[in-house]
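So the chains spell out like this:
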Amino acid sequence: MPKLPTFDDVKGNVQDNVIWKSIFRPGSIYRKGYRDTSRDRALASMNNVLYHLHPVKVKRHGLKLTYTYCLGGLSFFLFVLLTITGIFLMFFYTPAAGAGSEIAYANMREISASITFGNLVRNLHRWGAHAMVFTVFLHMARVFYHGAYKPPREFNWVVGVILLLLTLLLSFTGYLLPWDQLALWAVTVGTNMMGFTPVFGDQVQFVLLGGVEIGPNTLLRWYVLHVLFIPFITVIFLAVHFWRIRKDGGISGPL
Amino acid sequence: MSDEVQIDQEVYDRLIAEGKSERIARAKAKAASVRKAKIAEGQTLGPRPADQAAKALSDYRESAGGGGGVATKTAAPAEAGGAAGGRLTPEQRAARVAASLGNGGKEPASIGVPTSGAHTHRLLALVPPAGIQQVQGKQQDKVYTWPHLLLVEFVALLAVGSLLLIVSFFLDAPLGSLANPNDVPAINKAPWYFMGLQELLAYFHPMVAGITMPGVAVVLLMAAPYIDKNPSAKPENRKVANMAFTFFVVFWAVLVIIGSFLRGAGYEWVWPWVDGLGFTL
Ligand code: HEM
């Protein structure tokens, strides 16, 4: 009987071919011959797409959980998770409402009741959104108490405040989409306030609602804002935020 | 210098006697013996001041016969011996390399730059050792991103991911009855993160509560780094800033809690243990 190849043999063969080597650049931990040396550790960052986010080395104190509490990173993780679960929900949702064609609400019922994993994904999306508002807020508090907005990081704080507002807007526009009583009236309370904007109040409200009161136009408008426009703007500001962290010399501190 | 630096036994013994660790004592003792050797050779220790470095550089250039190898000179066409556009011919470049290495036109053996015409890349600058300024800065304590940081991030991601999954497994997102613009519900609230504003609405004119106050809050928040000019990041040096921010946060938190839990039908004050929780996430 021929000798069966060992796991290491298989691994060696899989890693030692043109395709594998074209995907994983030198220094990648998935490439054959990665050794736990300073050189390979440096290359693991430098030759990786992650190099756009992380430098080769970071300050040791930044690793301590109690410095960042990972809050910025977790906000970003939640943002990614919400994007993925949101895309799933988009497969089953149509932003249409109005007497006789209450499709949006019917879709929500289907997602909760009959679509495979629909309810779980919807729950993840809903609780994830609340969690993100919370982690972004906590992240801001941690940045403040560390004085991490001091020069040269002032502008990144401003970018951060914009991200906070965008997070709130994402959450709020999503709140309307189930088109149930909760959604309709929560959004009514919120948008009534906007009508009190000085001088342009009525116009602001009209543009946001797509009419004088919340209706099918509002639903369509907020859907587009929620799944396309605000995420798009958010990604741009996130890119600037992450880029500035590195240009400002990495994480602040130590205290 | 020989490969193995001798340690200064006297310093070593003294540091050990002071209770320093063996590793530190040895490092310091080595440094001491290097220092001694340098003093014996008549060198000055410590970083060289900038003007001294500049002088050393200009001395060096002079002794190297108006040496090239300095970027600014290479770029100056008038001096480059007539080559078009300030570019040097390979021969001229070879001569410059030789001159800047200070061996007066002989073949430069030491730096491994081929000087034949075959290689035509430009040598931008050659910095003579005397021109390098010593900078004294503290070495920061750093670790590799891989594996240290990435591992921490991965664990954090797994922890929060699984927590969220567990919550989502057991707790369903609310879905009320179909939206009906003619049926105003008794309890009518904004999402929790806007409850602070809705609570303000109970005390102020809507323009003040809905536009002015949040507007001022956002502007203040964005302006915070420009208002707070204190350069220190230590908590003990920034009591005022920390107190102001804490006040700001507590103020909103109290409003959100009141609005979320202590307001019921018709936005009247209620106690949740009497009238039930008028709050949906
Ligand atoms: C979508 C929301 C946000 C995301 C995904 C995000 C992400 C991050 C990440 C990953 C970091 C690295 C350090 C850490 O994890 O703490 C960071 C740092 C920072 N963030 Fe954010 N952030 C967000 C919102 C904010 C907000 C609301 C503020 C402030 C108003 C802010 C201000 C800053 C500042 C000043 C730093 C540098 C901190 C330092 O160097 O210690 N960010 N952010």
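A quick note: this is a predicted structure, and the numbers were derived from the prediction, not measured.

Participant: Got a minute to help me understand the interface of chain A and chain B in this structure?
Facilitator: Interfaces are often sized by the accessible area lost when the parts come together. Counting residues at the interface gives 73 residues for chain A, matched by 72 residues for chain B. Summed over both sides, the interface between chain A and chain B buries roughly 6,900 Å², with carbon and sulfur atoms accounting for 71% of that surface. Counting across the chain A and chain B interface gives two salt bridges. Two residues, K150(A) and D228(B), come together in a salt bridge whose shortest N-O distance is 3.2 Å. The interface formed by chain A and chain B holds 38 residue pairs in polar contact (both at pLDDT 80 or more) in total. Breaking the side of chain A that touches chain B down by element, the ones donating at least two residues are helix 3 (38-46), strand 1 (57-59), helix 5 (71-90), helix 6 (103-113), helix 7 (118-145), helix 8 (154-176) and helix 9 (181-194) of chain A. Top element by residues in the side of chain A that touches chain B is helix 7 of chain A. It accounts for 16 residues. Tallied by class, the residues present in the side of chain A that touches chain B amount to 49 nonpolar, 13 polar and 11 charged. The sheet contact formed by strand 1 of chain A and strand 1 (residues 142-144) of chain B spans three bridges and is antiparallel.

Participant: I would appreciate a short explanation of the coordination of the iron atom of the ligand in the present structure.
Facilitator: The expected angle between donors at a tetrahedral four-coordinate metal is 109.5 degrees. At an octahedral six-coordinate metal it is 90 or 180 degrees. Residue and element names in this part refer to chain A. Donor atoms from the polypeptide that coordinate the iron atom of the ligand comprise H139 (NE2) and H241 (NE2), at 2.0 to 2.1 Å from the metal. Classification of the site at the iron atom of the ligand rests on its six donor atoms, whose angles at the metal span 86 to 178 degrees, yielding the label octahedral. Of this pair, H139 sits in helix 7 while H241 is found in helix 11 (residues 216-247), placing the two residues 102 residues apart along the sequence. By relative accessible area, which is 12% here, H241 ends up buried.

Participant: Hey, could you run me through the site of the ligand in this one?
Facilitator: Residues and elements named next belong to chain A. Around the ligand, the surrounding shell holds 26 residues, and the nearest of these are H139, R142, G160, H241 and S252. The side chain of R142 places a nitrogen or oxygen atom 2.8 Å from an oxygen atom of the ligand. Between the ligand and the protein, one listed contact pairs an oxygen atom with a side-chain N or O atom of S252 at 2.7 Å. Counting residues per element, the ones that place at least two in the shell around the ligand are helix 5, helix 7, helix 8 and helix 11.

Participant: What should I look at first to understand the side chain of N107(A) in this one?
Facilitator: Here N107(A) is to be found in helix 6. For N107(A), the contacting residues outside a window of four places in its chain are F92(A), Y93(A) and T94(A).

Participant: How do you make sense of the domain arrangement of chain B when you look at a structure like this?
Facilitator: The domains assigned to chain B are domain 1 (1-46), domain 2 (50-130), domain 3 (144-173) and domain 4 (184-281). Taken over C-alpha atoms, the centre of domain 3 of chain B sits 29 Å from the centre of domain 4 of chain B.

Participant: What is the right way to read the packing of aromatic side chains from this model?
Facilitator: Two aromatic rings, taken as a pair, are described by how far apart their centres are and by the angle between their planes. Counted according to the given criterion, the structure contains 24 aromatic pairs over all chains. Between the aromatic rings of Y93(A) and Y223(A), the centroid separation amounts to 5.6 Å while the plane-to-plane angle is 35 degrees, which identifies the pairing as tilted. Note that Y93(A) is positioned in the loop between helix 5 and helix 6 and Y223(A) in helix 11, a separation of 130 residues in sequence. Site record: aromatic cluster; members linked through ring pairs are F134(A), F172(A), W222(A), W192(B), Y193(B) and F194(B). The aromatic ring of Y144(B) is capped on one face by K57(A), whose charged end is 4.9 Å from the ring centroid. For R126(A), the ring lying beneath its charged end belongs to Y175(A), and the centroid distance is 4.9 Å.

Participant: Got a minute to help me understand the confidence of the model for chain B in this structure?
Facilitator: Any residue range with low pLDDT should be treated as having predicted coordinates unsuitable for detailed reading. All names here are of chain B. Taken over all residues, the pLDDT of chain B has a mean of 80, while the share at 70 or more is 77%. For chain B, the element scoring lowest by mean pLDDT is helix 4 (residues 71-75), at 41; helix 9 (residues 239-261) scores highest, at 95. Taken together, the stretch residues 66-84 has pLDDT below 50 and engages in 30 contacts with residues farther than four places along the chain or on a different chain. Across the predicted assembly, pTM comes out at 0.76 and ipTM at 0.89.

Participant: Is there a simple way to think about helix 1 (residues 9-17) of chain B in this case?
Facilitator: In an α-helix, one turn spans 3.6 residues; hence positions three or four apart end up facing the same way. Residues and elements named next belong to chain B. All of the buried residues along helix 1 are V11, Y12 and L15. Each buried residue of helix 1 sits inside an arc of 100 degrees when the element is viewed along its axis, so together they form one side. What points out from helix 1, more than 90 degrees from its buried face, is the exposed set E10 and A17. Buried-residue contacts for helix 1 involve helix 2 (22-40). Two residues or fewer after helix 1 comes G19, characterised by a positive phi angle close to 90 degrees.

Participant: Just checking my understanding: could you explain a nonpolar patch on the surface for this structure?
Facilitator: All names here are of chain A. A grouping of L220, V224, L228, F229, F232 and I236 is seen on the molecular surface, where their side chains present a nonpolar patch of about 580 Å² in accessible area. Looking at where V224 falls in the secondary structure, it is placed in helix 11. Under the relative-accessibility criterion, V224 is labelled partly exposed at 39%.

Participant: Could you clarify how one ought to interpret the environment of G195(A) in this entry?
Facilitator: All names here are of chain A. Within the secondary structure, G195 sits in the loop between helix 9 and helix 10 (201-209). Given the relative accessible area of 18%, G195 is considered buried. In this structure, the C-alpha to C-alpha distance between G195 and F206, residues 11 residues apart in sequence, is 8.6 Å. Residues within four places of G195 in sequence aside, it is in contact with G201, D202 and Q205.

Rules and cut-offs
Residues numbered from 1 in each chain as written. Chains lettered and ligands numbered in written order. Predicted model: local features only at pLDDT ≥ 70, side-chain atom pairs only at ≥ 80, totals over all residues. Heavy atoms only, no water. Contact = heavy atoms within 4.5 Å. Buried area = accessible area lost by both parts, 1.4 Å probe. Salt bridge = Lys/Arg side-chain N within 4 Å of Asp/Glu carboxyl O. Polar contact = N/O pair within 3.5 Å; in protein donor to acceptor, adjacent residues only side chain to side chain. Helix = DSSP H or I, 4+ residues; strand = E, 2+ residues; numbered from the N terminus. Nonpolar A, V, L, I, M, F, W, Y, C, P; charged D, E, K, R; others polar. Pairing = 2+ DSSP bridges. Donors = N, O, S within 2.8 Å, 3.2 Å for Na, K, Ca; no water. Tetrahedral: all angles 85-135°; square planar, octahedral: opposite > 155°, others 65-115°. Buried < 20%, exposed > 50% of the residue type's maximum accessible area, 1.4 Å probe, protein only. Near = heavy atom within 4 Å. Domains from an automatic or database assignment. Phe/Tyr/Trp six-rings, centres within 6.5 Å; stacked < 30°, edge-to-face > 60°. Lys NZ or Arg CZ within 6 Å of the ring centre and 35° of its normal. pLDDT = per-residue confidence, 0-100. Arc of directions from axis to C-beta. Patch = residues over 30% accessible without salt bridge, like charges linked within 9 Å, V, L, I, M, F, W, Y side chains within 5 Å. Areas by Shrake-Rupley, 256 points an atom, 1.4 Å probe, with all protein chains shown as cover.

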